[in-house]
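Summary of the model geometry
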Amino acid sequence: MNCMTKEELIAFEDSIVKLFHEGKLPYPIHFSGGNEDQLIEIFKKIRPEDWCFSTWRSHYHALLKGISPDRLRDMILAGRSMHIMDLQCRFAASSIVAGCCSIAAGAAMAIKRAGEKRRVWCFVGDAAEETGAFYEAVRIVDGRDLPCTFVIEDNNLSVDTPKKERYGNNVMHWPPCVARYTYVRKYPHVQTGKIVLEYM
């Protein structure tokens, strides 16, 4: 599925960061970065016919799923960075924490009932992993053997609070429908709004 290199992903995101620093994106936005290698490997398994559901940090997912850089840039400039959707590419993102988990489970159920060979891939952060919506979606997918993989993108932070401060050393052991990779995020979660105000 992957048709973009690590260098192309970084170049695209750097161009968006530049627009943000110039005050041309006065919208809620989360930048991708630090997880290029891991995502490129995962997207080698994702086919064009598969569905992909993402989070508010979705630029890399959208590009790797096949949305063109020009189209994605237009959506970001229109203020849609955190809720990108492209039905032709079978891609949707939500700014709600764990907002796509139940949708992903429902899409996987529909695929199984139709006897299709497609899969669903649902990306979440490690903070979304702590929600009831994620837990229930995982139980449905696992219990009904649905064609869905949840990918936890673990940067050890909920906004800026590490996991150990959130719930100690307790580690959840999820069923095989849940995958995880760890990374160190490139861009901060907070204080970015001040940058926009400086340029307005």
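Residues numbered from 1 in each chain as written. Predicted model: local features only at pLDDT ≥ 70, side-chain atom pairs only at ≥ 80, totals over all residues. Heavy atoms only, no water.

Overview of the packing of helix H1 (residues 6-21) against helix H2 (residues 36-43)
Test applied: To get an axis, a line is fitted to the C-alpha atoms, and for a helix only the part in contact is used. The angle between two axes follows their N-to-C directions and goes from 0 to 180 degrees. Each helix is a run of DSSP H or I of at least 4 residues and each strand a run of E of at least 2, with the numbering of both proceeding from the N terminus. Geometric relationships in this document are graded by angle, where less than 35 degrees denotes roughly parallel, more than 145 denotes roughly antiparallel, 65 to 115 denotes roughly perpendicular, and other angles denote oblique. Handedness of each helix crossing follows the sense of rotation of the near helix against the far helix: counterclockwise by less than a right angle gives left-handed, clockwise gives right-handed. The contact criterion used is simple: two residues touch if any of their non-hydrogen atoms lie within 4.5 Å.
Two elements in contact, H1 and H2, have axes separated by 10 Å at closest approach and are oriented at 120 degrees. On the basis of the axis angle, H1 is oblique to H2. Judged by the sense of rotation from one axis to the other, the crossing of H1 with H2 is right-handed. Each of Lys-6, Leu-9 and Ile-10 in H1 lies in contact with H2, whose residues at this interface are Glu-36, Asp-37 and Ile-40.

Focus on the packing of aromatic side chains
Worth spelling out the cut-off: We call Phe, Tyr and Trp rings a pair once their centres come within 6.5 Å, taking the six-membered ring for Trp, and we label the pair stacked below 30 degrees between planes, edge-to-face above 60, and tilted otherwise. For every residue, the accessible area obtained with a 1.4 Å probe (protein chains only) is divided by the maximum for its type, and the residue is called buried under 20%, exposed over 50%, and partly exposed between those limits.
A full pass over the atoms with the stated rule returns seven aromatic pairs. Aromatic pair Phe-20 and Phe-31: ring centres 5.3 Å apart, planes at 80 degrees, arrangement edge-to-face. Of the two residues, Phe-20 sits in helix H1 while Phe-31 sits in the loop between H1 and H2, which places them eleven residues apart along the sequence. One exposure class covers both Phe-20 and Phe-31, and it is buried. Relative to Phe-150, the ring of Phe-134 has its centre 5.6 Å away and its plane inclined at 75 degrees; by these criteria the two rings are edge-to-face. A residue pair is termed long-range when its members are at least 10 positions apart, and Phe-134 in helix H6 (residues 132-143) and Phe-150 in strand S5 (residues 148-154) qualify at 16 residues. Per residue, the accessibility class of Phe-134 equals that of Phe-150, and both read buried. Put simply, the rings of Phe-134, Tyr-135, Phe-150 and Trp-174 pair up and form one aromatic cluster.

Overview of the nonpolar core
Definition in use: The term nonpolar core refers to a set of buried residues drawn from Ala, Val, Leu, Ile, Met, Phe, Trp, Tyr and Cys, joined through side-chain atoms within 4.5 Å.
Ile-16, Ile-67, Leu-72 and Phe-123 are the most contacted members of the largest nonpolar core, which has 34 residues in total. Of all the secondary-structure elements, those providing two or more residues to this core are H1, H2, helix H3 (59-65), helix H4 (69-77), strand S3 (91-93) and strand S4 (120-125). Ranked by residues supplied to this core, first place goes to H1 with six residues. Once residues within four sequence positions are removed from consideration, Ile-16 is found in contact with Leu-25, Ile-29, Phe-31, His-59, Arg-73 and Ile-76. One finds Ala-105, Met-109, Val-120 and Val-124 within the second-largest nonpolar core, a separate group that totals 27 residues.

Overview of H6
Spelled out, the test is: To estimate the expected span of a helix, subtract one from its residue number and multiply by 1.5 Å. The directions considered for the arc run from the helix axis to the C-beta atoms.
The first and last C-alpha atoms of H6 sit 16 Å apart over twelve residues, in line with the 16 Å expected at 1.5 Å per residue. When we look at burial in H6, the residues that qualify are Phe-134, Ala-137, Val-138 and Val-141. Buried residues of H6 fall within an arc of 100 degrees about the axis and therefore sit on the same side. What points out from H6, more than 90 degrees from its buried face, is the exposed set Glu-136, Arg-139 and Gly-143. Just past H6, the residue Asp-145 takes up positive phi, approximately 50 degrees.

Some details on the pattern of salt bridges
We count it as follows: Whenever a carboxyl oxygen of Asp or Glu lies within 4 Å of a side-chain nitrogen of Lys or Arg, that contact is scored as a salt bridge.
This structure, assessed with the given rule, holds twelve salt bridges. Two residues, Lys-18 and Glu-22, come together in a salt bridge whose shortest N-O distance is 2.4 Å. With a shortest N-O distance of 2.6 Å, Arg-180 and Glu-129 are connected by a salt bridge. Taken together, the positions of Arg-180 in strand S8 (residues 178-182) and Glu-129 in the loop between S4 and H6 put the pair 51 residues apart, joining distant regions of the chain. Exposure remark for Arg-180: the relative accessible area of 35% places this residue in the partly exposed category. Linked by salt bridges that have partners in common, Lys-18, Glu-22 and Lys-24 make up one network.

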